[in-house]
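Chain and residue survey
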Amino acid sequence: MPSSLDLGIPSSQSIATVKAINVGGPSTLLPAAFFLEPVRPGYETMTAPVYAFFIEHSATGKRLMFDLGMRKDQEGFPPAIQQMLTTWRDLGFGIVVDKDVPEKLQEGGVDPATINAVIWSHSHLDHTGDMSKFPSTTELVIGPGMDTRTFPTTPESLLLESDFVGRKVTQLSLDNFVLTIGDYDALDYFSDGSLYILNSPGHQSGHITVLARVTPTTFVLLGGDSCHHMGQIRPTADLHNHFPCPGRILESLEDLSVSSRTTPLLSVPSGQSAYADPKIATETITKLGKLDASPDILVLIAHDCTVPGVIDEFPESVNDWKAKGWKEKLTWAFLEKDNVVSTRVLTAERSRLRIVTTLLISPLMLDKVRKGNQIIGLGIRTLTPVSVTLSFQPFTIGRRDFTFFPSSSRLRWAKGVYNSFLGSFRVLPGSTIVLGRPYTI
Ligand SMILES: [Zn+2]
Ligand SMILES: [Zn+2]
């Protein structure tokens, strides 16, 4: 049976303690098509927790955070994000942060001031948290090639100058990733084999992940946003060998031919998606899948909806995952009924309103719509089958009403059972459009 050593992980007795903090996530459903394909009929939406991780280096007591979830105060975001969140909220999309990471740390007996470094997997708002709640002694570590432009110097930036100033900021250099673990370029963070940083771009340039040794022979891989659904890395031939898929799942999903598949069921969407570079993201996902097949490595991405309720969370540690059998519970959980893309609420009762909510739930898709500060059009991806209809209904974005004139010549229809399109619409003040299927399907 292949061991972790076969992946090129140097042997070591040095370990780190890893604790998972569930920071809270979107209070509404996310459109699966933005994160994966193909979307299985009936599973067009998904939920997503937001995990951040507290890490303590056993030899030195040094404390790290890998990601911070989202900050609590919306007014603390740079204007570009505030504007985006206002639009999201008005469209029915919300992220709930009852307690942020510093509060959760405090509650669990960890003074945020004792955190030596925060490592950002990447610069998205659900990972960067609120650096101002950490003292200037807390270093910020970011990946190679991450865009470090900040507001106000760059007005449209999604990062704040105050995230960086007054503290040591270390942008890792690819030159330092001198190890190879699996197929990843890796960096030995504490120089003792307890914690490796893996170069994992694709979702965003500079995206990095962490491989922590939690016992001398077992590891936790903190995968950030390398992928958003475990079907994007499973199954693989090696995974089948180590973790055979339970018969009841195979029977219930005969059409997917899971037992004979040696490549993941899902992939990165080919069109506009959550992945900045789909090709590189796919390469990173393949590397992740190779490590995921190891019986000695537990993969925990930031938004795996099958994880809550299975693992122990902060202030408990995840170090004993292997003894506790979590990998056996988690490996095929993404195929359990109701977990395929996690929820099927839209199947039977698709009212127009519901579809509209779904359509507009992800304003990430509403891009290329601004000219300066003015909204001039919308690009929208639908999650519904081909026969999407357009109709005019009162609708409000922000505090303004608009009319959206669909320009059918500009609609691009994708191929496949679950079609999507990106459309451009001229916007005139005073009236509006609703996109959706008028009746239940
Ligand atoms: Zn992200
Ligand atoms: Zn994320």
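So, here's what we can say about the structure. (Residues numbered from 1 in each chain as written. Chains lettered and ligands numbered in written order. Predicted model: local features only at pLDDT ≥ 70, side-chain atom pairs only at ≥ 80, totals over all residues. Heavy atoms only, no water.)

Here's the deal with the pairing of strand β7 (residues 139-142)
A regular strand places its side chains so that they alternate between the two faces of the sheet. Here β7 shows a buried face lined by Glu139 and Val141 and a second buried face lined by Leu140 and Ile142. Bridging between β7 and strand β8 (residues 169-171) involves three bridges; their strand directions are parallel. From the neighbouring strand, Leu140 faces β8, where its bridge partner is Val169. (Buried < 20%, exposed > 50% of the residue type's maximum accessible area, 1.4 Å probe, protein only. Helix = DSSP H or I, 4+ residues; strand = E, 2+ residues; numbered from the N terminus. Pairing = 2+ DSSP bridges.)

A closer look at the nonpolar core
Formed by 44 residues in total, the largest nonpolar core has its most connected members in Leu198, Leu211, Ile297 and Trp332. For this core, the elements supplying multiple residues, two or more each, are β10 (184-188), β11 (195-199), β13 (218-224), α7 (278-292) and β14 (297-301). The leading source of residues in this core is α7, at four residues. Ignoring any residue separated from it by four or fewer positions in sequence, one finds Trp332 in contact with Pro235, Leu239, His240, Phe243, Pro244, Cys245, Pro246, Ile249 and Val258. Within the second largest apolar cluster, 31 residues are counted, among which are Ala16, Tyr51, Leu300 and Trp321. (Core = buried A, V, L, I, M, F, W, Y, C linked by side-chain atoms within 4.5 Å. Contact = heavy atoms within 4.5 Å.)

Examining the sheet that holds β14
Overall, mixed pairing links the six strands, which are arranged β9-β10-β11-β12-β13-β14 in an open sheet. Since the sheet does not close on itself, it has two edges, and those belong to β9 (179-181) and β14, each with one partner. When the angles between neighbouring strand axes are averaged without regard to direction, this sheet yields 30 degrees. The pairing of β9 with β10 spans three bridges and is classified as antiparallel. Each residue of the ladder has a partner; that of Thr180, found in β10, is Asp185. Docked against the sheet, α7 engages β9, β10, β11, β13 and β14, running at close to 140 degrees with respect to β14. (Axes fitted to C-alpha atoms, helices over the stretch in contact; angles between N-to-C directions.)

Regarding the coordination of the zinc ion (ligand 2)
Metal coordination angles in their ideal form are 109.5 degrees for the four-donor tetrahedron and 90 or 180 degrees for the six-donor octahedron. Binding of the zinc ion (ligand 2) to the protein goes through Asp126 (OD), His127 (NE2), Asp225 (OD), Asp225 (OD) and His303 (NE2), at separations of 2.1 to 2.8 Å. Between consecutive donors of the zinc ion (ligand 2), the numbers of intervening residues give the motif D-H-x97-D-x77-H. In this structure, the zinc ion (ligand 2) is positioned 3.5 Å from the zinc ion (ligand 1), and both are ligated by Asp225. Asp126 gets classed as buried once you look at its relative accessible area, which sits at 14%. Using a relative accessible area of 1% as the deciding quantity, one classes His127 as buried. (Donors = N, O, S within 2.8 Å, 3.2 Å for Na, K, Ca; no water.)

Quick notes on unusual backbone geometry
The residue after Phe151, namely Pro152, is reached through a cis peptide bond having omega 10 degrees. Along the chain, Pro152 falls in the loop between β7 and α4 (161-164). Along the chain, Arg234 connects to Pro235 via a cis peptide bond; the corresponding omega equals 0 degrees. By the secondary structure assignment, Pro235 is in the loop between β13 and α5 (237-242). Even without a glycine there, the phi angle at Ser191 is positive, about 60 degrees. Among the structural elements, Ser191 can be located in the loop between β10 and β11. Backbone geometry places Ser257, a non-glycine residue, at a positive phi of 50 degrees. Mapped onto the elements of the fold, Ser257 is located in the loop between α6 (247-252) and α7. On the basis of relative accessible area, Ser257 is assigned to the partly exposed category, the value being 37%.

Structural notes on the coordination of the zinc ion (ligand 1)
Taken together, the protein donors to the zinc ion (ligand 1) comprise His122 (NE2), His124 (ND1), His203 (NE2) and Asp225 (OD), at separations of 2.1 to 2.2 Å. Classification of the site at the zinc ion (ligand 1) as irregular follows from its four donor atoms and the range of 91 to 172 degrees in their angles at the metal. Along the chain, the residues that donate to the zinc ion (ligand 1) are spaced as H-x1-H-x78-H-x21-D. For His122, a relative accessible area of 0% puts it in the buried group. (Tetrahedral: all angles 85-135°; square planar, octahedral: opposite > 155°, others 65-115°.)

Some points on the pattern of salt bridges
Under the criterion given, the structure shown has 13 salt bridges. Here Lys72 makes a salt bridge to Glu103, at a shortest N to O gap of 3.1 Å. Linking Lys72 in the loop between β5 (63-66) and α1 (79-90) with Glu103 in helix α2 (residues 101-107), this pair joins segments that are 31 residues apart in sequence. Residue classification places Lys72 among the partly exposed residues on the basis of a relative accessible area of 38%. (Salt bridge = Lys/Arg side-chain N within 4 Å of Asp/Glu carboxyl O.)

So, the sheet that holds β5
Overall, mixed pairing links the six strands, which are arranged β1-β4-β5-β6-β7-β8 in an open sheet. One side of each edge strand has no neighbouring strand; the edge strands of this open sheet are β1 (16-22) and β8. The sheet shows a mean angle of 20 degrees between the axes of neighbouring strands, taken without regard to direction.

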